[in-house]
Amino acid sequence: MSPSPPSSASTTPKIQALALILPLFRRYWLRVFFGIVALLGVDLCQLLIPRVIKLSIDGLKSGAILPHGLFRYGLMIVGLALGVALFRYFWRNLILGFSRLLERDIREQLFSHLLMLDRTFFQKRTIGELMALSSNDLASVQLAAGMGLIAAIDAIIMTVAVLMFMIYINPTLTLIALSPLPLLALLTKILSGRLHKRFSLVQETFSNITEMARSTINAMRLVKIYSREEEQTANFDRLGRQYIKHAMRVAIIQGLLFPVSGLVANGSLLLIVIVGGKMAIDNLITIGDFIAFISYLFMLVWPMMAIGWVANLFQRGLTSLSRIQAVLSEQSLLHDDGCSATLPASINSIELRALNFSYSGQQGQGLHDISLTLTPGLFGLVGPTGSGKSTLCHLLARLYPVTEGSILINGVDLNRIAIKDYRQAVAYAPQEAFLFADTIAANIGFGRPDATLKEIEAQAEAVGIHDEIMHFKGGYTSKIGEKGVMLSGGQRQRISLARAMLTRAPILIVDDGLSAVDAGTEQQIMRAILEYSQTNIVIMTSHRLAPLAQAAQLAVLEDGRLTALGQHHELLAKNDYYRAIYQKQTEPGGGEADAA
Amino acid sequence: MQHNYGFFEEETLGDVKDAQLWRRILRYGRPHKRNIAFAIFLALTVIATGLALPHLTKVAIDQYITNDALARSERLLGLSHLTMTFLLMVVVGFVANFLQVTLLEWTSQNIMHDLRQRLFAKLLQQEMAFFNMTPTGKLVTRLSNDIQNMNEMFTSVIVTLFNDGVQFLAILVILCSINLRLALMMMALIPFIIINLIVFSRLARDAFRAIRTQLAMINSFLQESLAGISLIQHFLREDDAVLKFKRENQEYMRKNLRQIKLFSVFLPFIEILNSTAIALIIWYGGGQVLRAQMSFGELAAFIAYMRLFFKPMKEISEKYSIVQSAMASAERIFQLLDRDPAIPGGQRKNGAISGQISFTDIYFSYKEPEPVLAGLDLTIAAGETVAIVGTTGSGKTTIINLLERLYEPSRGRISLDGHDLRGFDLLWLRQQIGLVIQDVLLIPGSLRDNICFGAEVSEDRLREILVKAQLTEVVRQLPQGILTLIGEGGYELSTGQKQLLALARVLVRDPMILILDEATANIDSMTEMLVEKALRATVRSRTSILIAHRLSTIRGADRIIVLDRGRIAEEGTYQQLFDRGGLFRTLVEQQRLQAAK
């Protein structure tokens, strides 16, 4: 569904960004068209009101008007006001509604697109950045497409029309009265541009304060234990003072921006009173013209400010749009192009051939020249922290594409298997047991939405968490998260494991999934995993050797290289690292002085 | 855009007539009396100049422009004099306006800063049980949004209420003085406007709140989906996620459209009233001009003042809802400020302690009725090394929590060097205990800052500590060595490295009591061995408490305590306990069995 924009070098990113919203204008063109028509109606009615005022005052001055006539003028004004109200109702609904439809459509497109991107992308962008695209950036696009569009059209219509009326009354006076107004547009543009920048700084500092408050409260135990109260208060004070500074910088602009419009408008008024007053004294214009002129002048103040404001709004909207467009044009490194191979129902071998891998940044340990073959059964992966165990799991789970060397599934190159097919065949319990803020049942059944409660319970039983779940007030329907039950690290790991095992996928990857589970429970879980591995390939990493001792095959990774391969007793005999940690972890009689 | 970390608070409305609350809020302004008085003076200036301008226009029309009785030159001269005054007014108004806005912002920001600091300090004094009871989001809201609400009230509301109130009254007086009957007619419109505005502002606030809540829903859904994206992809749940997202997104749009509708009905209504007022002036006022009961200038001024007449009313009613929520915020803030911590500290600060600790008949539970400790008796001699073992939930960490006075036992007495723990100064007490736990608090700064934690440490000693904590190799690998920035935005340390850092931190403080609570759980076995060796001397010379899952790591303890169901089940040396064949032996064998398999 994602458009793959041809990256022709001639088009600038901003123009490409416009290509994102043009289809939306096309989709909703009727709405936009009638919205603009309604806007014209509003402007017309608004312009006619001062004409009526002028007519009535001139009539009064010449004495040619009767009370009856005055009443008619009054009615006309009310009628026009009703027209304004009616048309305004329509444009607000049509055009502002359009901007919300546009916002909805882009947000949806963005979300669907994000779901297709691979891990390399998510390592480049933080969640906060992506959230900002959906909230702040999209909001500025929406503002530009809604209020911005309206203000621009309105300002142009009003300026032209008011100018015409004014010129009709007296061209010279018009020219003189308007001379300060371009200054207003300019000042507004400069000031509101500054305001926006400074205001984002205020918001940033505000969120820093919020974040500091949050992290302090969350780490309250540590703050108390380490007696950090004074330092934390001092840091908080510093942030607060920063906030004051930035807020003041905003206040200065605000203190200028709004009075400036009054200043310029009153400057114009002054010119009208001087020059127009003289003209009226010399009977060059009527007193009615004079008063209407003043009304028109005030009508121009808003469009002039709007021009400055809209210029900024469009600029910001476009910048935001191109930021969104940049993400939408990202392509996943994992794709189904040329994936013709089909995956057999039963998988009986995974072969790694001269596998090399390195991350683009410095996020983790790469892999060098790994070759090995996995068959159904438990495969244990051990090695010091940062030796590349998780990296190997990531590649087997196909979070990254294989670029050097190859992984063969039943002899078929992994890169040639459709992503969905392969994912269906792999269940994965990552190192960080991530759970969704949903019910426990939904979390366990995440990979199998069709699973019955019975199956879910049986799986929970197998990983030794059923009893604990039943202890929660809501049982399996308890929600996880701040408003629901808070789970311990071991509980999270077991639910994550149950989620993976419930899929009964032919390949199961468990990346350090039992580190927070106590010894008794661990034994129980290992029984379930060994049973699973009878017919399936199970890949498991662990810091502790005990659970892996029964593995059909064990591999030691050190610095991204495979340094030993074999069964438990073989490794004990031939690998120094393995032997050393085994002794450390098991020998109850040895190392008397080691403790403490 | 604010995300409240997934927490939404039901917005409540404060009682605007609560005089006691008002007095308390205004008390915070007292230190800034002078600024406030000056701001009031400036506000009056702004209003006066603003109102003078239409008056000057009126004078210009009546006395000079339409006054055929005067000679042309005199009329022009008068006009030019008038314009000078006009210009002066404009400039004075502008300057006063600017000064007022900035002065009030400055004053209000300082008041709020002061309040926020007090609140933060108060929060730090609260006991741990309080934080367990209260969701984090709620407390964060006190410090952020609630303070913000009050700030908004101080700057915009009090100002507008004052400015607009005065302006409104002034206009009313002027209108009455120009033409009483016409003015009374205008006043008949006021109830309509006020009712309309109050109803509108209430509906608008509800609509806005609904939008904000929905946006927070979208944001938390998005945040969660992005955090768990590899799982969604892996378990092929993309379609489902998109469907859910579409639903939330659609709902958000629907709420926005409702707000648009609301505004498009109510905003034009004011305009209609405004035009009706002008129509009335023309019809009725024009009639009076015809009957020569009113001048043109007066008529023009009346129209001009009417324009100013509607603005303050609009603003006042708009601000009403802000006042309501600010009052509610104030109430919540004061509630927290008034809360006395349940664990007050004492005065005692012994010069040097020996480190003898005793727990006598201790009962404790985090959540009634599940007791964690039930009748615990434990004495640890000065300089002794005691290991505490037991299954998950047997109360190991709770003992530490009580010793640190993070919680208070419901019964029993804890003493240090024979003095009741409650008599000690809290900060002093916690400084005597060096605790290494699994969680590590990183402060923004370099690795060195994080190790020293504010203490002065010589380079030699620091080097020695790095060696002991097995950090030398880690430091060597860092891009800027020990000066490398770590934590958020800086270099990301692994969990194991962070534990080594916590160890180094305790070594810097060199306390008399050392507690290692699963301190090496995330460190690989090789490093762990080295750390243990390096720490041996330090542990020997202090009162030490060790808590560890892996029983092999506690062999060197003088005494091992086995906790079961909140009291001591067995105690003795490793060998004694093993030989006795009780709970400890079962635990050891469980681990050994597993390993041997």
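Residue indices begin from 1 for each chain and proceed along its sequence in written order. Following the order in which they are written, the chains are lettered starting with A and the ligands numbered starting with 1. Local features in this predicted model are restricted to residues of pLDDT 70 or higher, and side-chain atom pairs are both shown and tallied only at a pLDDT of 80 or more, whereas totals for entire chains, interfaces and linings draw on every residue. Side-chain numbers come from the whole structure's heavy atoms, not from hydrogens or water.

Caption draft 1: Highlighting the overall build of chain A. Under the DSSP-based scheme used, a helix requires at least four consecutive residues in state H or I and a strand at least two consecutive residues in state E, with every element numbered from the N terminus. Looking only at helices and strands, chain A has 19 helices and 10 strands in total. C-alpha atoms define the radius of gyration in this analysis, and the globule rule sets the expected value at 2.2 Å times the number of residues to the power 0.38. Compactness check: chain A gives a C-alpha radius of gyration of 36 Å against a globular reference of 25 Å for 596 residues, more than 25% above the reference. With the C-alpha coordinates aligned to their principal axes, the bounding extent of chain A is approximately 115 × 60 × 50 Å. Buried means the residue's accessible area, taken with a 1.4 Å probe over protein chains only, is under 20% of the maximum for its type, while exposed means over 50%, and partly exposed covers the values in between. Each of the 596 residues in chain A was classed as buried or not, and the buried ones make up 58%. Throughout, a residue-residue contact means that at least one pair of heavy atoms, one from each residue, lies within 4.5 Å. Long-range pairs, those at least 24 residues apart, make up 78% of the contacts in chain A between residues at least 6 apart in sequence. Using a 1.4 Å probe, the Shrake-Rupley method yields the accessible areas, and only the shown protein chains count as cover for residues. For chain A, the exposed surface amounts to about 24,600 Å²; the carbon and sulfur share of it is 60%.

Caption draft 2: Highlighting the overall build of chain B. When its secondary structure is counted, chain B shows 19 helices and 12 strands. By the compact-globule yardstick of 25 Å for 597 residues, chain B is too spread out, its C-alpha radius of gyration being 36 Å. If you line up chain B on its principal axes, its C-alpha atoms span 125 × 60 × 50 Å. Residues classed as buried in chain B amount to 55% of the 597 residues present. Long-range contacts, defined as pairs at least 24 residues apart, comprise 77% of the intrachain contacts of chain B with a sequence gap of at least 6. Accessible surface, chain B as shown: approximately 26,100 Å² in total, 57% of it carbon and sulfur. Only four residue types enter the tally: Lys and Arg on the positive side, Asp and Glu on the negative side, with His and both chain ends excluded. In plain terms, the charge of a residue is placed at NZ if it is Lys, CZ if Arg, CG if Asp and CD if Glu. When the 65 basic and 59 acidic side-chain charges of chain B are each reduced to a single mean position, those positions are 4 Å apart.

Caption draft 3: Broad picture of the domain arrangement of chain B. Reported domain spans reflect what an automatic or database domain assignment gives. Annotation of chain B at the domain level lists domain 1 (19-337) and domain 2 (357-596). Taking only C-alpha atoms into account, the centre of domain 1 of chain B sits 57 Å from that of domain 2 of chain B.

Caption draft 4: Structural detail: empty space enclosed by the protein. Residues and elements named next belong to chain B. In the cavity and pocket records, a cavity denotes points on a 1 Å grid over the protein atoms alone where a 1.4 Å probe fits but cannot get out, a pocket denotes an open set with protein on both sides within 12 Å along at least 5 of 7 lines, and lining residues are residues with an atom within 4 Å of a point. Grid points are joined across faces, edges and corners, and a volume is the space filled by probe spheres set on the points. Taken as a whole and judged by the stated rule, the model has 5 cavities of 30 Å³ or more. Roughly 70 Å³ of volume is contained in the largest cavity. Per-element tally for the lining of the largest cavity: the top contributor is strand β4 (residues 411-416), with 3 residues. Think of it as three bins: nonpolar holds Ala, Val, Leu, Ile, Met, Phe, Trp, Tyr, Cys and Pro, charged holds Asp, Glu, Lys and Arg, and polar takes everything else, Gly as well. Of the residues in the lining of the largest cavity, the class split is 3 nonpolar, 1 polar and 5 charged.

Caption draft 5: Molecular detail of the side chain of E108(A). Among the secondary structure elements, E108(A) is positioned in helix α3 (residues 67-116). For E108(A), a relative accessible area of 18% puts it in the buried group. When neighbours within four sequence positions are excluded, E108(A) is seen to be in contact with F245(B), K246(B) and N249(B).

Caption draft 6: Representation of the interface of chain A and chain B. Between chain A and chain B, the residue contacts involve 145 residues of the former and 146 residues of the latter. Here the buried area means the combined drop in accessible surface, using a 1.4 Å probe, for two parts upon being joined, counting both sides. Taken together, the two surfaces of chain A and chain B that pack against each other cover about 14,100 Å², and 69% of this comes from carbon and sulfur. By definition here, a salt bridge exists when the distance from a side-chain nitrogen of Lys or Arg to a carboxyl oxygen of Asp or Glu is within 4 Å. A salt bridge links D282(A) to R72(B), with the nearest nitrogen and oxygen atoms 2.5 Å apart. Residues adjacent in sequence count toward polar contacts only when both atoms are side-chain atoms; beyond that, a polar contact is any pair of N or O atoms within 3.5 Å, and within protein one must be able to donate a hydrogen and the other to accept it. Here chain A is connected to chain B by 18 residue pairs in polar contact (both at pLDDT 80 or more).

Caption draft 7: Local environment of the packing of aromatic side chains. Ring pairs are drawn from Phe, Tyr and Trp, using the six-membered ring of Trp, whenever the two centres fall within 6.5 Å, and their geometry is named by plane angle: stacked under 30 degrees, edge-to-face over 60, tilted for the rest. Enumeration over the complete set of coordinates arrives at 28 aromatic pairs over all chains. Look at F236(A) and F120(B): their rings are 3.9 Å apart centre to centre, the planes differ by 10 degrees, and that puts the pair in the stacked class. You can see F236(A) sitting in helix α9 (residues 229-281) and its partner F120(B) sitting in helix α3 (residues 72-125), one on each of two chains. Look at F236(A) and you get buried, because its relative accessible area is 1%. Among the residues examined, F120(B) registers a relative accessible area of 1% and is labelled buried.

Caption draft 8: Quick look at the sheet that holds strand β8 (residues 537-541) of chain A. All names here are of chain A. With mixed pairing, the 6 strands of this open sheet are ordered in space as β6-β7-β8-β3-β9-β10. Where the open sheet ends on each side, the last strands, each with one partner, are β6 (426-429) and β10 (561-566). Adjacent strand axes in the sheet meet at a mean angle of 15 degrees when their direction is disregarded. Pairing between two strands is assigned when DSSP locates at least 2 bridges connecting them. Relative to strand β7 (residues 507-511), β6 is paired through 4 bridges, and the arrangement is parallel. Of the residues in β7, the one forming a bridge with V426 is I507. Axes here mean lines fitted to C-alpha atoms, for a helix over just the part in contact, with angles spanning 0 to 180 degrees between N-to-C directions.

Caption draft 9: Examining the pattern of salt bridges more closely. Taken as a whole and assessed by the stated rule, the structure comprises 41 salt bridges over all chains. For the salt bridge of K124(A) with E330(A), the shortest nitrogen-to-oxygen distance reads 3.7 Å. Highlighted residues: K124(A) in helix α4 (residues 119-124) and E330(A) in the loop between α10 (287-328) and β1 (350-357), separated in sequence by 206 residues. Here R559(B) makes a salt bridge to E384(B), at a shortest N to O gap of 2.9 Å. Of the two residues, R559(B) is situated in strand β11 (residues 559-564) and E384(B) in the loop between β2 (373-380) and β3 (385-389); the sequence distance between them amounts to 175 residues. The exposure classification of R559(B) matches that of E384(B), with both residues buried.

Caption draft 10: Representation of the nonpolar core in the model. Within the largest apolar cluster, 239 residues are counted, with the highest numbers of intra-cluster contacts made by F290(A), F309(B), F359(B), I451(B), I560(B) and F584(B). In terms of residue count, helix α10 (residues 296-337) of chain B provides more of this core than any other element does, 20 residues in total. Excluding anything up to four places from it in sequence, I560(B) contacts A387(B), V389(B), I554(B), E570(B), E571(B), G572(B), T573(B), Y574(B), L577(B) and F584(B). Grouped together as the second largest cluster of nonpolar side chains are 93 residues, F436(A), V485(A), I529(A) and I229(B) included. We call a set of buried Ala, Val, Leu, Ile, Met, Phe, Trp, Tyr and Cys residues a nonpolar core when their side-chain atoms join them within 4.5 Å.

Caption draft 11: Spotlight on the pairing of strand β12 (residues 567-572) of chain B. Residues and elements named next belong to chain B. Of the pairings in the sheet, the one linking β11 to β12 comprises 5 bridges and is antiparallel in character. Bridging from a neighbouring strand, I560 pairs with G572 of β12. Hairpin connection of β11 to β12: 2 residues between the antiparallel strands, including R565 at a positive phi of 50 degrees.

Caption draft 12: Examining the packing of helix α16 (residues 489-502) of chain A against helix α17 (residues 519-532) of chain A more closely. Residue and element names in this part refer to chain A. Across the interface, α16 lies against α17 with an axial gap of 12 Å and an inter-helix angle of 10 degrees. One element, α16, and the other, α17, form an angle in the roughly parallel class. For the crossing formed where α16 meets α17, the hand is left-handed. Every residue of α17 that contacts α16 at R494, L497, A500 and M501 is listed here: T521, I525, A528, I529 and Y532. When describing relative orientation, an angle under 35 degrees is termed roughly parallel and one over 145 degrees roughly antiparallel, while 65 to 115 degrees is termed roughly perpendicular and anything else oblique. For a crossing to be left-handed, the near helix must be turned anticlockwise from the far one by less than a right angle; the clockwise case is right-handed.

Caption draft 13: α3(A), seen in detail. Relative to the 74 Å expected for 50 residues at 1.5 Å per residue, α3(A) spans 74 Å between its end C-alpha atoms, a close match to the ideal helical length. For α3(A), the buried fraction is high: 35 of the 50 residues fall into the buried class. Helices are assigned an expected span. That span is 1.5 Å times one less than the residue count.

Caption draft 14: Summary view of helix α11 (residues 396-403) of chain B. All names here are of chain B. Of all 8 residues making up α11, 7 are buried, and the element is well covered by its neighbours. For α11, the full list of buried residues reads K396, T398, I399, I400, N401, L402 and L403. R405 sits one or two positions beyond α11 and adopts a positive phi of about 55 degrees.

Caption draft 15: Representation of the sheet that holds strand β1 (residues 357-364) of chain B in the model. Residue and element names in this part refer to chain B. Spatial strand order, β2-β1-β4-β5: 4 strands in an open sheet with antiparallel pairing. Only two strands of the sheet have a single neighbouring strand rather than two, namely β2 and β5 (419-420). Relative to β2, β1 runs antiparallel, the two sharing 6 bridges. Paired with I357 across the two strands is I380, which belongs to β2.

Caption draft 16: Fine view of the pairing of β10(A). All names here are of chain A. As paired strands, strand β9 (residues 553-558) and β10 are joined by 5 bridges and run antiparallel to one another. Paired with A555 across the bridge in β10 is L565. In this structure, the hairpin formed by β9 and β10 is closed by a connection of 2 residues, where D559 is found at a positive phi of approximately 50 degrees.

Caption draft 17: Layout of the domain arrangement of chain A. Per the domain assignment, the segments of chain A are domain 1 (10-170 + 309-333), domain 2 (171-284) and domain 3 (350-589). Here the C-alpha centre of domain 3 of chain A lies 55 Å away from the C-alpha centre of domain 2 of chain A.

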